[in-house]
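Read off the chains here:
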Amino acid sequence: MRLLEERILRDGVVRKGNVLKVDSFINHQMDIALFEEMAKEWKRLFQGKPINKILTIEASGIGIAAIAAREFGVPVIFAKKAKSINLDSDNYSTNIQSFTHGKVYEVIVSKKYLSSEDHVLIIDDFLANGCALMGLLEIVERSGATVEGIGVAIEKGFQRGGDMIRERGIQLESLAIIESMDENGGIVFRR
Ligand code: 5GP
């Protein structure tokens, strides 16, 4: 998606450890007009799929997923980072390794909001090694719901997550795929 690629080139900052900072328009300050354009693009790409729910993960996916949910006219659920008090049989849970912090944390989704009747579109801001999305896929699998696809804003194509998901036969639509990036500001997109 050209609009997103241009914004990444203009305002994205490449940091050590293969981290792209997009705090000025996605991860801290949020550009809702841009999110709306992204949501429209996913609506076009997943046209014809019987999506009735969007699933994302706390915290950075929530803004994007909320705007996408509005475009699809469906509710959005976010997997919550678990506090031990939440750990009961009323939740689906899984462990996820954080790309940016390195720590493992547990996320939960209440069984009240996801069931075998649901057709889910998973949305997230970044795809790197795929741990976050694999965790969400596991939660959907446990619920018996159907994964209709995954929409990602920025995929770092030089990390393994994208291939892992495509190998599973899931429709993955990343709006910008970065082929390579370096700290001197060079960012190359896959087209
Ligand atoms: P993964 O689980 O695919 O390795 O990483 C995905 C999660 O890590 C995303 O939800 C995102 O929050 C975070 N993440 C991964 N790579 C980056 C990056 O380059 N920049 C930022 N801002 N977040 C990232």
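This one's a predicted model, so the numbers in the text were calculated from it and none came from an experiment.

Asker: Any chance you could explain the overall build of the protein here in plain terms?
Answerer: Secondary structure assignment for the protein yields six helices and ten strands. The globule rule puts the C-alpha radius of gyration for 191 residues at 16 Å, and the 16 Å found for the protein is close to it. Expressed as lengths along the three principal axes of its C-alpha atoms, the size of the protein is roughly 50 × 35 × 30 Å. Here the contacts in the protein between residues at least 6 apart in sequence split such that 60% fall between residues at least 24 apart. Of the roughly 9,700 Å² of accessible surface on the protein, 46% is carried by carbon and sulfur atoms. Of the charged side chains in the protein, 25 are positive and 27 negative, and the gap between their average positions amounts to 2 Å.

Asker: Where do I start with the pairing of strand E8 (residues 146-156) in this structure?
Answerer: Side chains on a regular strand alternate between the two faces of the sheet. Within E8, nine of the eleven residues are buried, leaving the element largely enclosed by the surrounding structure. In this sheet, E8 lies alongside strand E7 (residues 119-127) in parallel orientation, the contact comprising eight bridges. Looking at the pairing, phenylalanine 126 lines up with isoleucine 154 of E8. In this fold, E7 hands off to helix H5 (residues 131-143), which returns the chain to E8; that crossover is right-handed. Across six bridges, the pairing between E8 and strand E9 (residues 172-181) is parallel.

Asker: How should the nonpolar core be read in this particular structure?
Answerer: The nonpolar side chains of a soluble globular protein tend to be buried with one another. In this structure, Leu4, Ile8, Leu20, Met38, Trp42, Ile54 and Ile154 are the most contacted members of the largest nonpolar core, which totals 33 residues. Top element by residues in this core is helix H4 (residues 62-72). It accounts for six residues. Sequence-distant contacts of isoleucine 54, that is, excluding residues within four places in its chain, are made with Ala65, Ala68, Ala69, Phe72, Val74, Pro75, Val76, Ile77, Leu121 and Ile123. Ile122, Leu136, Ile150 and Ile165 belong to the second-largest nonpolar core, a separate cluster that totals 24 residues.

Asker: Teacher, can you tell me more about the sheet that holds strand E3 (residues 53-57) here?
Answerer: Strands sit in the order E5-E6-E4-E3-E7-E8-E9-E10 across an open sheet of eight strands; the sheet is mixed. Of all the strands in the sheet, just strand E5 (91-97) and strand E10 (187-189) have a single pairing partner and so form its edges. Put simply, the sheet's adjacent strands are angled 30° from each other on average, direction ignored. As paired elements, E3 and E7 share three bridges and run parallel to each other. For leucine 55, the partnering residue across the bridge sits in E7 and is isoleucine 122.

Asker: Looking at this structure, I do not really get the site of the ligand. What am I missing?
Answerer: Taken together, 17 residues sit near the ligand, with Leu20, Asn129, Gly130, Ala132 and Lys156 positioned nearest. Mapped onto the shell around the ligand, the elements with two or more residues apiece are strand E2 (19-21), E7 and H5. With four residues, the single largest contributor to the shell around the ligand is E7. The residue inventory of the shell around the ligand, partitioned by class, reads eight nonpolar, six polar and three charged.

Asker: Honestly, H4 in this entry has me stumped. Any pointers?
Answerer: A turn of α-helix holds 3.6 residues, and therefore any two residues three or four places apart point the same way. Within H4 the residues assigned to the buried category are Gly63, Ile64, Ala65, Ile67, Ala68, Ala69 and Phe72. Looking at the buried positions of H4, the neighbouring elements they touch are helix H2 (23-27), helix H3 (32-45), E3, strand E4 (76-81), E7 and E8.

Asker: Teacher, can you tell me more about the pattern of salt bridges here?
Answerer: Any two side chains of opposite charge can pair if their charged atoms end up close together. By the definition in use, this model includes 13 salt bridges. Two residues, arginine 44 and glutamate 41, come together in a salt bridge whose shortest N-O distance is 2.7 Å. In this pair, arginine 44 and glutamate 41 both sit in helix H3, three residues apart, roughly one turn of the helix. The salt bridge partner of arginine 142 is glutamate 138, with a shortest N-O separation of 2.5 Å.

Asker: Before we go on, may I ask you to explain the packing of aromatic side chains in this structure?
Answerer: Between two aromatic rings, the relevant description is the distance of the centres plus the angle of the planes. The final tally for this structure, using the stated rule, is zero aromatic pairs. It is lysine 43 that lies over the ring of phenylalanine 72; its NZ or CZ is 5.9 Å from the centre. The cationic tip of lysine 81 hangs over the ring face of tyrosine 105; the distance from NZ or CZ to the ring centre is 4.9 Å.

Quick notes on the rules
- Residues numbered from 1 in each chain as written.
- Predicted model: local features only at pLDDT ≥ 70, side-chain atom pairs only at ≥ 80, totals over all residues.
- Heavy atoms only, no water.
- Helix = DSSP H or I, 4+ residues; strand = E, 2+ residues; numbered from the N terminus.
- Rg over C-alpha atoms; globule rule 2.2 N^0.38 Å.
- Contact = heavy atoms within 4.5 Å.
- Areas by Shrake-Rupley, 256 points an atom, 1.4 Å probe, with all protein chains shown as cover.
- Lys, Arg positive; Asp, Glu negative; His and termini not counted.
- Charge placed at Lys NZ, Arg CZ, Asp CG, Glu CD.
- Buried < 20%, exposed > 50% of the residue type's maximum accessible area, 1.4 Å probe, protein only.
- Pairing = 2+ DSSP bridges.
- Right-handed = clockwise from strand over helix to strand, strands pointing away.
- Core = buried A, V, L, I, M, F, W, Y, C linked by side-chain atoms within 4.5 Å.
- Axes fitted to C-alpha atoms, helices over the stretch in contact; angles between N-to-C directions.
- Near = heavy atom within 4 Å.
- Nonpolar A, V, L, I, M, F, W, Y, C, P; charged D, E, K, R; others polar.
- Salt bridge = Lys/Arg side-chain N within 4 Å of Asp/Glu carboxyl O.
- Phe/Tyr/Trp six-rings, centres within 6.5 Å; stacked < 30°, edge-to-face > 60°.
- Lys NZ or Arg CZ within 6 Å of the ring centre and 35° of its normal.

Purely spatial values, then, with no claim about function.
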